[in-house]
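These are the residues of each chain, in order.
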Amino acid sequence: MELKGTRQASEARSAGPESGGPRGDTTKVVVLVPFLTRRAEADAVPRRSLEARVDEAVGLALAIDLDVVAALPIGLGQIRPATYLGSGKVEEIAGIVAAEDAGLVFVDAPLSPVQQRNLEKAFSAKVIDRTALILEIFGQRARTKEGVLQVELAHLNYQRSRLVRSWTHLERQRGGFGFLGGPGETQIEADRRLIGERIVKIERELEQVKRTRALHRASRKKVPYPVVALVGYTNAGKSTLFNRLTQAEVMAQDLLFATLDPTLRAVQLPSGERIILSDTVGFISELPTQLVAAFRATLEEVIEADVILHVRDMSHEDAQAQASDVEGVLGDLDIDPQDHQRVIEVWNKIDRLSEDDRTSLFNTVERREGDERPVPVSALTGEGVEGLLLAISRRLARDRVSLKVDLEASDGEGLSWLYRHTEVMERRQDEEGHLHLAVRVPPDRAEHIERRFGGRRLPASRRG
Ligand SMILES: Nc1nc2c(ncn2[C@@H]2O[C@H](COP(=O)(O)OP(=O)(O)OP(=O)(O)O)[C@@H](O)[C@H]2O)c(=O)[nH]1
Ligand SMILES: [Mg+2]
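Residues numbered from 1 in each chain as written. Chains lettered and ligands numbered in written order. Predicted model: local features only at pLDDT ≥ 70, side-chain atom pairs only at ≥ 80, totals over all residues. Heavy atoms only, no water.

**Brief notes about the overall build of the protein**
Condition: Only DSSP runs of H or I reaching four residues or more are called helices, and only runs of E reaching two or more are called strands; each is numbered from the N terminus. A 1.4 Å probe rolled over the protein chains alone gives each residue an accessible area, and that area as a share of the maximum for its type sets the label: buried under 20%, exposed over 50%, partly exposed in between. Residues count as neighbours in contact if any of their non-hydrogen atoms are within 4.5 Å of one another. Only the protein chains shown count as covering a residue, and every accessible area follows the Shrake-Rupley method with a 1.4 Å probe.
In terms of regular secondary structure, the protein is built from 16 helices and 14 strands. Out of the 464 residues in the protein, the part that is buried amounts to 53%. Across the protein, the fraction of contacts at a sequence separation of at least 24, relative to all contacts at a separation of at least 6, is 70%. With an accessible surface of roughly 21400 Å², the protein has 48% of that area assigned to carbon and sulfur atoms.

Printed below as a string of C-alpha cells:
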C-alpha cells in the first residue's frame, strides 16, 4: 500500500482524548480513496486517474485546513455492507490512524450511516464521507445570507437521511458550522420532527431571499447589459480569469471551492459595450445530491446568462473527465453545453503546457470551426484574453438588435430613457439639431423602441 504522506502545517486544535470517543487529534485526518479493483464502470464515463482522485480528496481535506497525515488509495474487490471496506483493510487503517494520532478519517465515497458508525468504532476516530466533507467546506465558505441558508438546508437534509448517534459529545465542544462540530451535528440527536421544522423554516426564509434576489435581477434586467457567467470545475481558474477581466481581487487560490457565492462585476469590452461578469462556485465530480439543489439556486445567474464561459484547466490530467462533469451539471440546469452560440469553452492554463502539448492543443483549436472553436487562454499571464473578449462580443452582437433612432434635440426625456434602457453605440447631432443614435437592445425590447421612437432596424453589420 502506498503511503502518500502530505503533512500540512496547521494549528493543532486537539480535542483531547475522550473516553469512548475518538482518541486522536480531530484536525489530523487520514484520507482514504476507495476504488473497485474490478471496474464495472460504464465506458462512456471518462476514467479518472487514481492519482488525481487522491489529489482531489487531499485537496478537499486541505480546503478546510485539516492536517492530512496520510492519503491512501484503497483497492476493493467489493463493497462490504457493514464497513464498506474489507476487514483486513479496516485493521490496517486502524493501525495507521493510531500511529498518526489522527482523530478523523475521510472516506472519499458515499457511506451509509451504519458503515460510518462501524468504521468509527473500528478506527476510534470520527469518520466522514465525501458529502459530509463537501458540506463542511460549503458551510465554511458561505458568506451571503442565501448561501448560508442553502448550505444549512442541504446539511439538514443530509442529517435527516442519517439519524444515527455518532461522537456527538465531541461535537458539542467544538465550534463551527457542521459535521466537525457545532449546532449542525448536535441536531443529529434531535428527532426528525425538529429537523423537519427547521427545514420548513429555512425554506421559508430562502423563499424570501430568493424573491429579493429575483427583484434585484429584474431591475438589473432593465439595464441592458448582458450577463456573462463563468462556470467550470473547481480550481479551473474562474476567479483568476474573473480578476483579470475585471481587475478585481476576488479570492483566487489553489484551493477547492475557493468561491462559493456568486460575484458580479461590470466590465467594459474593447468594443465599448459593457457586460456583467459573474463568477460562480466550482463543480466537482460526484456532487452530493443534497448540494445539487443548493447549486441550482446559486447558479441562477448562470441559468439566465446570455453567454456562459466554460473554463477548463487544460493542464489537468483529468481535463476530459472534469469537462464531462461540468457538462452534466449544465445539463441539469437545462443548459445545452453543445449550444456554442451561448457556451464558449475557455481552455485555460495553457502556460503550464509543454511545447508539444501546446502545439497539439492549438492544432485541435484550429480544427474546430466557428462557434465551436474553443478559446485558449492563460488567465495567469493574460495570453489569449483579447481573443476571448472578441469571442464574447461576437456572441453578444448576434442576438442583439441594432436600431437607428432619430430624436428632437428637445426630447431630453426620450434621450435619457434610451441611455437607461439601451446600449447607445453611436450619437450624432446634425446641423438642424436633430439627434441620430444607434442603439443596441435585446430583441424583445426592439419592438417597443420602434413603436415609441419610430426606430429603424439596422442590418446586422456588427456581426462578427
Ligand atoms: N499556471 C496557471 N495557473 C492558473 C491559471 N489560472 C488559474 N491558475 C491557478 O489555479 C488556481 C485556482 O484558480 P482559481 O481562479 O481560484 O480557480 P476557480 O476556478 O475560481 O476555483 P474555485 O473557486 O475553487 O472553483 C490558482 O492557484 C490560480 O493561480 C493559469 O492560466 N495558469
Ligand atoms: Mg473561484
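**Things to note about the nonpolar core**
One recurring pattern in soluble globular proteins: nonpolar side chains tend to sit buried together. We apply this condition: Each nonpolar core is a collection of buried residues, namely Ala, Val, Leu, Ile, Met, Phe, Trp, Tyr and Cys, held together in the definition by side-chain atoms within 4.5 Å.
The biggest cluster of nonpolar side chains holds 46 residues, and the ones touching the most others in it are V29, V31, F106 and V302. Breaking this core down by element, the ones donating at least two residues are β1 (25-36), α1 (50-62), β2 (67-76), β3 (102-107), α4 (130-141), α5 (145-160), β5 (227-232) and α12 (319-332). In terms of residues, this core owes the most to one element, α4, which gives six residues. Once residues lying within four places of it in the same chain are set aside, the contact partners of V302 are A229, V231, T280, I308, L330, I335 and R342.

**Description of the pattern of salt bridges**
Counted only if it meets this: Only one rule defines a salt bridge in this text: a Lys or Arg side-chain nitrogen within 4 Å of an Asp or Glu carboxyl oxygen.
For the structure shown, the criterion picks out eleven salt bridges. The salt bridge involving K28 is made with D101; its shortest N-O contact spans 4.0 Å. Here the residue K28 occupies a position in strand β1, and D101 occupies one in the loop between α2 (87-100) and β3, the gap between them amounting to 73 residues. Judged by relative accessible area, D101 falls into the partly exposed class, the value being 37%.

**Section: unusual backbone geometry**
One non-glycine residue, Y84, lies in the positive phi region at around 70°. Along the polypeptide, Y84 turns up in the loop between β2 and α2. On the basis of relative accessible area, Y84 is assigned to the buried category, the value being 9%.

**Comments concerning the confidence of the model for the protein**
Just so we agree on the cut-off: Every residue carries a pLDDT, the predictor's confidence in it, which falls somewhere between 0 and 100.
Chain-level pLDDT for the protein is 81 on average; 79% of the residues reach the 70-or-more range. Note on residues 165-178: pLDDT under 50 across the span, and 47 contacts to partners over four residues away in sequence or across chains.

**Quick word on the sheet that holds strand β14 (residues 456-457)**
Pairing between the strands of a sheet comes from backbone hydrogen bonds, and it takes one of two forms, parallel or antiparallel. Where we set the bar: In short, DSSP must find at least two bridges between two strands for them to pair. For helices, the fitted line uses only the C-alpha atoms of the stretch in contact; every axis is such a line through C-alpha atoms, and the angle between N-to-C directions lies from 0 to 180 degrees.
Strand order across the open sheet formed by four strands is β12-β13-β11-β14, with antiparallel pairing between neighbours. Since the sheet does not close on itself, it has two edges, and those belong to β12 (423-429) and β14, each with one partner. Summarising the sheet, β12 and strand β13 (residues 435-441) pair through six bridges and their orientation is antiparallel. Counterpart to R427 in the pairing with β13 is L437. Contacting β11 (401-407), β13 and β14, helix α16 (residues 443-453) crosses the sheet at an angle of about 20° to β11.

**Remarks on the packing of helix α9 (residues 238-246) against helix α14 (residues 385-398)**
Applied cut-off: Under this scheme an angle from 65 to 115 degrees is roughly perpendicular, one under 35 degrees roughly parallel, and one over 145 degrees roughly antiparallel; angles in between are oblique. Three residue categories are used. Nonpolar comprises Ala, Val, Leu, Ile, Met, Phe, Trp, Tyr, Cys and Pro, charged comprises Asp, Glu, Lys and Arg, and polar comprises the others, including Gly.
Two elements in contact, α9 and α14, have axes separated by 12 Å at closest approach and are oriented at 85°. Between α9 and α14, the angle is such that the two are roughly perpendicular. Here L241, R244 and L245 of α9 lie close against α14, whose contacting residues are V385, L388 and L389. In terms of residue class, the contact of α9 with α14 is made up of five nonpolar, no polar and one charged.

**Concerning the packing of aromatic side chains**
For any pair of aromatic rings, geometry is given as the distance between the ring centres together with the angle between the planes. This is how it is decided: Each Phe, Tyr or Trp ring (for Trp, its six-membered ring) is paired with any other whose centre lies within 6.5 Å, and the angle between the two planes then decides the class: stacked below 30 degrees, edge-to-face above 60, tilted in between.
Per the stated rule, a full pass over the model turns up one aromatic pair. Taking 5.9 Å as the distance between ring centres and 40° as the angle between the ring planes, the aromatic pair formed by W417 and F453 counts as tilted. Highlighted residues: W417 in helix α15 (residues 412-421) and F453 in helix α16, separated in sequence by 36 residues. In this pair, the class of W417 matches that of F453, namely buried.

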